Amino acid sequence: MMLRYALQTVRDRKAGFLGAFVALLCAAALITACGTLLETGLRGKIATERYAATPVVVSADQNVHQTTVKKKGDGQKSKTKHKAKPVTERAWLPAATVDAVRSVPGVERAVPELSFQAVPLAEAAGAKPSYGHAWTSAVLTPFTLDEGRAPQGGDEVVVDRELAARAGLKTGAPLTVQATGEPKTYTVSGIARSAAGGLARQSALFFGDAEAQRLAARDGQVTAVGVLPAPGTDPGELAGRIGRALQGQGSGAQVAAGDARGPVEFLDAAGARIKLVSMGGAMGGTSLLVAILVVVGTFALSVQQRYRELALLRAIAATPRQLCRMIGREALLVGLAAGVTGALAGLPLAAWLHGRFVDSGVVPANLERTAGIFPMFAAVGASLLGAWAAARITGRRIARIRPAEALAEAAVERGRPAWIRIAIGVLLLAGGVVLVAVLSALRTEPASTPVTFLAVVVFAGAVSLLGPLLVRGATAVLAGPLRLAGPGGYLATANLRGNAPRMASAVTPLALLIGMTCTVLFITPTLGDAARAQARDGVRAGWVLAAQGPGVTGAAAERVRRTPGVTAATEIVHTSVRVGLTKYGAQGVTPAGLARTWDPGVTSGSLDGFGEKSVAVSELAAGRLGLKPGSPLQLALGDGTPVTLTVSAVYARGLGFGDLTLAHDLVAAHVDNPLASSVLVAAEPGTGREQLAAAVGGFPGVGVLSARDADAARGERQREGAEINLLAMGLVLAFTAIAVVNTLAMSTSERLREFAMLRLAGAKRRQVLRMLRAEALAVVLIGAVLGSGIALAVLTAFSVGMTGTAAPAVLPVVYVGVVGVAGLLALAATAVPGRVALRVPPVEVATSR
């Protein structure tokens, strides 16, 4: 019987359930999109390009390993636990591995592969990353000549067809290429085409074998070994045979076949997977929490609109259990329809979001998006569960009142929220305070970011539960200004007082929108401004060499050092290292004259005598690792090479310069790009830009910037990184904005009878609209104050934890824009339904059923 009533109610009151349907649909679409990203990070296939014709690939182990042994008492065996994390730079194989692979039965040909950066210094050539290889490894794709001939000697190069078309290259044309050393001009001897028609993620340049070995700068090493099996040999079986043959050699070689070849070619695949899992999980979790708040508020309004109907059912002997069942089944029907529709809508949304991440470079193009059914099932399940839970929560009060009180309860709102609601609201408020305290003690961005958004949602939940009390308190403050607006202001004040729960349901999503948006927009500038300030204060050099290409060469830095008036030139190369399995940002600096160009704010120890066996660490890293000057530090360099260094100094400006600082030559020997990202130049007074520019004039792409210009360029790069975070959370913000409009529109639409009574009592249409505008402005003001307070508390705690100072970067123009947009949404969502409602003659409304 209750199911039949539920079906009839949903069919006859479509408009009443429309708001809940929209909220659940958006939530399901968002959960599907986030779940698809999460599944792509976990199970997405990395397609290979360079090794397309190579069934088996042998490479070095691209992971850093950690094994811990935990002994058990009472004579039990010890427990061994093994963990691994990917390296950040490519690990290379000993060249002797090639001969070992050739000797394995079933190997027809073992082809050594050299893969290194090789950037063409030509217009329109840099659309994609470009890598150099030896021509003998062209068979691994395979590449075949379309024009010209193979490279001969050290002055010729073969380029792929797509690069030639993009840069306008023909056979015989000169092409300047910068690899891991000085730029060199080659003659294009041939143009090659891959069997697949082109490479999606890279451009390929092929050199003679000796020249490729020189450019790679890895004597006695190879990037990988491509294995071509003998006819009739199964690749999987051959891979196992090669793995067993190499197991006892101690080279750390790994064998990949089939889909496992992609991650060997693209090292950034592992990092992209982790990013997708992190972003998908964070967005999905935040979306789910926001959806719960929104859906509960939406169902509360939906049930509130039906108080009279539900009260009549109680008065004619419907039991509380029957009403709960009916409301629950209505919610399940709406949740099922919205969940299925939203899950289908989430698939193109996931494709769009994945495309944006690919365009921004966060995700490699060949990480194929996984469109499985699990995210869709999760979205439908979350919609059903959320709708049912929301309906049960909001329907408990009307279902449990006594029949004699039902009709009166339907006509007049309860004066005070239930004690259980107040208690849970206070607990959430306390939980938010605890999260803020925890956030102020966190020192790393990966740990702080999820806590930041969780704190915003928890505070918004507290506002949702304590909303009626907050609205009444705010109304007491706003009563005076509202009365100055005339009769509309008096009516608005009365409505705010008498209908506090309804107004609170509008305030909650508005506060969540403003709080979440301000947090997303200002969290990156807060961290970035602190990092820029530390870098700006720590750079003593007046000039900076920067390159438009892959970096500044050692010869350019040496030329500047020998320029009259220059006192020091410090080359900087960036990387990441692992201490245990924890990754730390690091940089390599040339020790000579370091004190003249760089001041990291040393708090203990000294940089005097800094060399290849030394390391300086930030206070954060020193505190986490228990280090002090003189302590030994074991770490794995970018390519996984283990080294033990001695801590020479601890410095304060870790945000600006990274957590670890090592010698330049040590870092450069273990990174894919050994060129300096910048060179700090200290010079005597009177040494100008023109003099330095003349010194590096013979080095293509190298320019001279002032310290101020270099700081501005650093800020631009940080803004580009902030766009990714905004994109990642943009859908959550869009969903919250839809919830604001949805809730306010529902809240206004249900007041049709109220507007009619006011019109019949003598109020003019203009006065009712003024009342609505005054109410909307009051709701916007209350929501803005609460949302701004939430964002300020969270951002301040984030700033204290990450920078050590309570100085969040709040941009006034951006903040005013956020509040302005939220206010326009609220006014539009109130004014449009209000005008529509006032078009109906009041007599028709008063006499209707």
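Residues numbered from 1 in each chain as written. Predicted model: local features only at pLDDT ≥ 70, side-chain atom pairs only at ≥ 80, totals over all residues. Heavy atoms only, no water.

Student: Whenever I open this one, a nonpolar patch on the surface confuses me. Can you help?
Tutor: Residues Leu-288, Leu-289, Ile-292 and Leu-454 make up a contiguous nonpolar surface patch of about 300 Å² in total accessible area. Secondary-structure assignment places Leu-288 in helix α8 (residues 268-305). Residue class for Leu-288 comes out partly exposed when judged on its relative accessible area of 37%. (Patch = residues over 30% accessible without salt bridge, like charges linked within 9 Å, V, L, I, M, F, W, Y side chains within 5 Å. Areas by Shrake-Rupley, 256 points an atom, 1.4 Å probe, with all protein chains shown as cover. Salt bridge = Lys/Arg side-chain N within 4 Å of Asp/Glu carboxyl O. Helix = DSSP H or I, 4+ residues; strand = E, 2+ residues; numbered from the N terminus. Buried < 20%, exposed > 50% of the residue type's maximum accessible area, 1.4 Å probe, protein only.)

Student: Teacher, can you tell me more about the pairing of strand β21 (residues 614-618) here?
Tutor: Consecutive side chains of a regular strand alternate in pointing toward one face of the sheet and then the other. In terms of burial, β21 is a largely internal element, 5 of the 5 residues being buried. Burial along β21 is two-sided: Ser-614, Ala-616 and Ser-618 facing one way and Val-615 and Val-617 facing the other are all buried. With 5 bridges connecting them, β21 and strand β23 (residues 642-651) associate as parallel partners. Paired with Ser-614 across the two strands is Thr-646, which belongs to β23. Where β21 lies against strand β24 (residues 660-663), 2 bridges are found, and the strand directions are antiparallel. Directly across from Val-617, in β24, lies its bridge partner Leu-660. (Pairing = 2+ DSSP bridges.)

Student: In this structure, what is going on with the environment of Ala-387? I would like to understand it.
Tutor: Relative to the elements of secondary structure, Ala-387 occurs in helix α11 (residues 374-400). In the structure, Ala-387 is positioned 48 residues away from Gly-339 in sequence and 9.8 Å away in space, judged by C-alpha atoms. When near neighbours in sequence (up to four residues on either side) are disregarded, Ala-387 contacts Leu-24, Val-295, Phe-299, Ala-331 and Gly-335. (Contact = heavy atoms within 4.5 Å.)

Student: Is there a simple way to explain the sheet that holds strand β1 (residues 56-60) in this structure?
Tutor: Two modes of strand pairing occur in sheets, parallel and antiparallel, and in both the strands are linked by backbone hydrogen bonds. One open sheet holds the 4 strands; their spatial order is β5-β15-β1-β16, and the pairing between them is antiparallel. Two strands lie at the open edges of the sheet, namely β5 (107-113) and β16 (253-257), each paired on one side alone. Within this sheet the neighbouring strands show an average axis-to-axis angle of 25°, counted without direction. Of the strand pairs in this sheet, β1 and strand β15 (residues 224-229) are connected by 4 bridges, and their pairing is antiparallel. Bridge pairing in β15 links Val-56 to Val-227. (Axes fitted to C-alpha atoms, helices over the stretch in contact; angles between N-to-C directions.)

Student: Looking at this model, I keep getting lost on helix α5 (residues 209-216). Mind explaining?
Tutor: Each α-helix winds once per 3.6 residues, and so residues spaced three or four apart point in a common direction. Of all the residues in α5, the buried ones are Glu-211, Ala-212, Leu-215 and Ala-216. All buried residues of α5 lie within an arc of 135° about the axis, which places them on one face of the element. Buried-residue contacts for α5 involve β6 (116-117), β8 (130-134), β12 (184-194) and β13 (203-207). Phi turns positive, to about 55°, at Ala-217, one or two residues after α5. (Arc of directions from axis to C-beta.)

Student: Please clarify how empty space enclosed by the protein should be interpreted in this entry.
Tutor: To find leftover empty space, a probe the size of one water molecule is rolled over the atoms. The tally for this structure, following the rule as stated, stands at 4 cavities of 30 Å³ or more. By volume, the largest cavity is sized at about 110 Å³. Every residue lining the largest cavity is listed: Met-503, Ala-506, Leu-744, Ser-747, Thr-748, Arg-751, Leu-772, Glu-775, Ala-776, Val-779, Ala-826 and Thr-830. Broken down by secondary-structure element, the contributors of at least two residues to the lining of the largest cavity are α16 (500-538), α23 (707-749), α25 (765-803) and α26 (812-838). When residues in the lining of the largest cavity are grouped by element, the largest group, 4 residues, is from α25. (1 Å grid on protein atoms, 1.4 Å probe; cavity = no way out; pocket = protein on both sides within 12 Å on 5 of 7 lines; lining within 4 Å. Points joined across faces, edges and corners; volume = space filled by probe spheres on them.)

All we've got here are geometric facts, nothing functional implied.
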